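# Understanding the architecture of this molecule
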Amino acid sequence: MELKNLNPDQRQAVEHDEGPLLVVAGAGTGKTQVITGRAAHLINQGKARPSQILALTFTEKAAKEMEERLDLLLPYGLVDTKVMTFHSFGSDILSQYGTEIGLDGRLGLINQAQQRLFLRQNLDAFKLNYFAPIGDPVALLGDLATYFSRLKEELITPKQYLAWAKKLKNGTSDAASKLEASKQMELAQAFATYNQLMRQRGLIDFSDQVSLALELLLNRANILKSIKTEIKYIMVDEFQDTNLAQARLIETLAGADGNIMVVGDDDQSIYKFRGAAISNILEFKLRYPKTKQIVLTKNYRSTQQILDAAYQLIQHNNPFRLEIKNKLNKRLVGTKPGKQPEVRPYTTFGEEADKLAESIKADLAKGLKGDMIAVLVRNRKQAAAVIDVLERKGINYHYSGGERLFEQEIVREMLSFLQYMTNPDDDNSLYNLLSGPIYNSDIASLARLSAQARKHNRSLDQEIRASTEDISLSGHIRDLDSWRRQALNQSAGELLYAYIDKIGYLKRLTDATQTDPGVVLQINKLAMFFTTLAEFQQVSHDKTAFGYVASLGTLTEEVEIAQPSDFETGQDLVQVMTIHKSKGLEFEAVYLFDLTAGAFPPRRRAYKLEIPIELATGEHISDEDWHLAEERRLMYVAMTRAKTKLIMSYSTNHGGIRAKRPSQFLAEALGHEPQAALPKALPASEQIKMFGASSGKKSTISPSFLHNQRLDLSVHQVEDYLMCPLNFYWKYVLNVPQPVQPAMLYGTAIHAVISYYFQQRRRRSVDLKDLEDYFAKTWQVEGYASKGQEARRLKSAQATIKRFHQREEAGKRWPKYVERSFNFELAHGTIRGRYDAIYEDSDGVEIRDFKTSQVETKLKADEKARASLQISLYALGWFASTKQLPTKLVLDYVETGQIGVTIKTAADIKTLEQQVNEACQQITSGSYPPGKNHFHCIHDKL
């Protein structure tokens, strides 16, 4: 690593040896460079082995970027350095040691939507009386889910909550106090019940990943000691965004004088709504008295004029800032001069939007690329206005943030089918289904029949059956009847997939991608919808369409469309995003839109369920000052995204009676009130023209495996491409929904048992009953054609597990690594995967992959091992990481007990590396021809 490329403050941080270190890194000062640089320096200087360094951050994207930088700095690549999110780290601890505190060996992680569904399905168990008068108690579920997560993040246990609530109840006398005490006791009991039910079902939520890992370390000193010997240095990125549980987890691992380095900036703490506690960074020196402080102030991004305006703004958060508390100088020093940030006032909201688009067009005409321009907004309403004007002006854009999945046309079409299946009298669903792209029925006939149905006081379904006006409509109804009969016995996902497959709708969509790239977006949304169906089936008792439709009100809350790496579209598009989404990004030109009072800062919205102040362990938004300080930090983040051009606009007339005032943040940043004189409003005729027809240009997205024009592929994706590029295109670019494959579920369950056996066998003996009980929890019945087929596969699995257990107990040869992740860099992409097992002994290194397919002879097993692309790619991964060839590669067919063995030479590995690099180049260029085995492709099965 070239230390000479670092400035003095950065170098001081990188060369820091032992003890606590607080690096206060302002916007654009190279904080990630410091973290990765220090890790590489410690390794290169022999202070630590790669496996002794733990680097934690908040998103998989940030972890991936950190890995890539570190990989370039180390002579032999990333190897064993632990770079991960807090949740991944907590999950790793639970998967290895969870049984030590009575947790199931295979915990199922549920997301927020699944959390609400779980609460709904167990609503009676919570015995809600205080909240019973609510017209729809289900409406409370989202608030309860959020409340329970916040309690865990604040390190409040059910036992503590119940004890406090009981004390509160015993100490009340007046009616109001008694009512509040009853409310708190009900919430405390519901919290305890929720945790108990989750443990019984073997489930955890996102907050559990950290809070339970912390509980384990606090209650098992032997495990804590073991992990501390494995981790010598801890580094935390974006420390200002940690919650109390996360901060306590690393504090427990590091100790008061431990080798912990945290990097952050209190002025960029903007995630209070997610549980972030700014007190963690403000009070770091109190928790670690021997802390050394280093402040990075050299900014490599923005002009000095932009930095000065942002600094002037953030001073209004004094004295609750590190600069004041720790007596630091945080004023950022830029490396280039430029123009002052500009404030543009307008009369009407429409005029402001229109002028924004004109200004962006002028930027593009001057040669500025689209992805160098960002429009940052505070809320979805503002984003919708920006998107509308960009489309009307023919400006290509990409939007990151908040597009609701269940509001999409293709998803509404799927919902109409499921809702009509469960209720033939649902006129809206039937009308939408018949008039939509699946059937594309004659609208005039459908409208007349709908009107006649209302006149005859009967449902649209009944009217179509009785009418002879449109025979095709009657045919559609009869066709749908046959699907309704299947709805009783199939899961919602299986039913819907079979329906769109058999009627040819899925094939129509995928064929259309050849001529209309916009359809790719529709298929991606469809794929995401099928993901929500799978998530529903994971926690639901009733997996049918009837159970799904009954739960729709719970499931549709806040489900957003996943953006592929958000900003990273790989295309030259103007970026439209919320300010929260812009964190960590930078642009030549930034437009801050609609900076009016009430919009930014918005009025404070308190949680519906507030944690009692007596239980709180950290600061809470309890008054307007805390809210305003967070919003000011958000404005600071927005301003410091700009490199050379910052335009801030507002308008006074938004259509209401009262005129809008400019945001107070404008005056705070400028040092004076913004210009009072406003431009003359556009004539009415010009305002009407603003609503002219759209140019038809839409946002597009790139494949999820493409990041900054560089590929990030799994071993299975590489294998799929080498087998058939067209199949790869359908599966991973179009994301065509896949039917449930019982063989895949079967293999996953057997693999889980094998992994569980080896992980547990390191510490204790594992009997057959233990494995059988574990397998019973992983077994999934979905996808089997009949009960008989399921029973036969279940019997086969039980026999396989018994044979495997007998074999391993007799052999007493345990792998050194189980389920070990790896990744390696090639010239044109990153390849990642996971080894099933790695054995290291006097004979050398053996990489073993377990298979559940039927291979009856040793000859056939060896043949399959020699031909296996997957195991060859594992060998390439091992060679890329260690610069050594594995001694042998093994396919272990546990169903039949056959072992296939192959050996790869250096020439074999070199040839494979060339093939993979060529495949990466072809994928990057968008080449997806049919392969030799193209008859296996999804494309030809539809």
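Residues numbered from 1 in each chain as written. Predicted model: local features only at pLDDT ≥ 70, side-chain atom pairs only at ≥ 80, totals over all residues. Heavy atoms only, no water.

As a further point, take the overall build of the protein. Summing up its helical and strand segments, the protein has 39 helices and 21 strands in all. Within the span of the protein, comprising 942 residues, buried residues form 54% of the whole. Counted over contacts in the protein with a minimum sequence separation of 6, partners at least 24 positions apart contribute 78%. Element-wise, carbon and sulfur atoms account for 50% of the exposed surface of the protein, whose accessible area totals about 41,800 Å². (Helix = DSSP H or I, 4+ residues; strand = E, 2+ residues; numbered from the N terminus. Buried < 20%, exposed > 50% of the residue type's maximum accessible area, 1.4 Å probe, protein only. Contact = heavy atoms within 4.5 Å. Areas by Shrake-Rupley, 256 points an atom, 1.4 Å probe, with all protein chains shown as cover.)

Let us look at the environment of L376. Looking at the element boundaries, L376 is found in strand β10 (residues 373-377). Taking the C-alpha atoms as reference points, L376 and K581, 205 residues apart in sequence, are found 8.9 Å from one another. What L376 contacts, discounting residues up to four positions off in sequence, is M577, I579, S582, V590, Y591, L592, F593, A638 and R641.

Read from one edge of the open sheet, six strands run β9-β14-β13-β10-β12-β11, paired in parallel fashion. Where the open sheet ends on each side, the last strands, each with one partner, are β9 (342-348) and β11 (397-400). Averaged over all neighbouring strand pairs, the angle between strand axes comes to 20°, with direction disregarded. Bridge count between β10 and strand β12 (residues 574-578): four bridges; the pairing is parallel. In the sheet register, L376 faces β12, and the bridge partner there is M577. Lying over the sheet, helix α16 (residues 349-365) contacts β9, β10, β12, β13 (587-592) and β14 (642-653), oriented at roughly 135° with respect to β9. (Pairing = 2+ DSSP bridges. Axes fitted to C-alpha atoms, helices over the stretch in contact; angles between N-to-C directions.)

We now examine helix α18 (residues 409-422). The terminal C-alpha atoms of α18, which comprises 14 residues, lie 20 Å apart, in line with the 20 Å expected from a rise of 1.5 Å per residue. Along α18, ten of the 14 residues are buried, which leaves the element largely enclosed by surrounding structure. Along α18, the residues classified as buried are I410, V411, E413, M414, L415, S416, F417, L418, Y420 and M421. (Expected span 1.5 Å × (residues − 1).)

Of all five residues in strand β1 (residues 21-25), five are buried; the element is thus mostly enclosed. Alternating positions in β1 separate into two faces, L21, V23 and A25 on one and L22 and V24 on the other, with burial throughout. Pairing between β1 and strand β8 (residues 292-296): five bridges, direction parallel. When the sheet's bridge partners are listed, A25 is paired in β8 with L296.

Turning our attention to unusual backbone geometry. At the junction of N318 and P319, the peptide bond is cis and its omega measures out at 10° in the coordinates. With respect to the secondary-structure elements, P319 resides in the loop between α14 (304-314) and α15 (322-325). Looking along the chain, the bond that leaves F600 and enters P601 is cis, with omega of 5°. Take P601: it is sitting in the loop between β13 and α29 (624-639). At E238, a position not held by glycine, the phi torsion is positive, near 50°. Locating E238 in the fold gives a position in the loop between β6 (233-236) and α11 (244-254). For E819, which is not glycine, the phi torsion reads 50° and is therefore positive. Examined against the element boundaries, E819 turns out to sit in strand β17 (residues 817-826).

A few words now on the side chain of H627. Relative to the helices and strands, H627 resides in helix α29. A polar contact of 2.7 Å, which involves the side chain of H627, links it to the backbone oxygen of P602. (Polar contact = N/O pair within 3.5 Å; in protein donor to acceptor, adjacent residues only side chain to side chain.)

Further remarks concern the confidence of the model for the protein. Taken over all residues, the pLDDT of the protein has a mean of 85, while the share at 70 or more is 89%. Within the protein, helix α31 (residues 684-689) has the poorest average pLDDT of any element, 54, and β13 the best, 97. A low-confidence stretch, residues 693-701 (pLDDT under 50), is modelled with 26 contacts involving residues beyond four sequence positions or located in other chains. Of the regions scoring below 50 in pLDDT, residues 934-942 engages in 19 contacts with residues more than four places distant in sequence or in other chains. (pLDDT = per-residue confidence, 0-100.)

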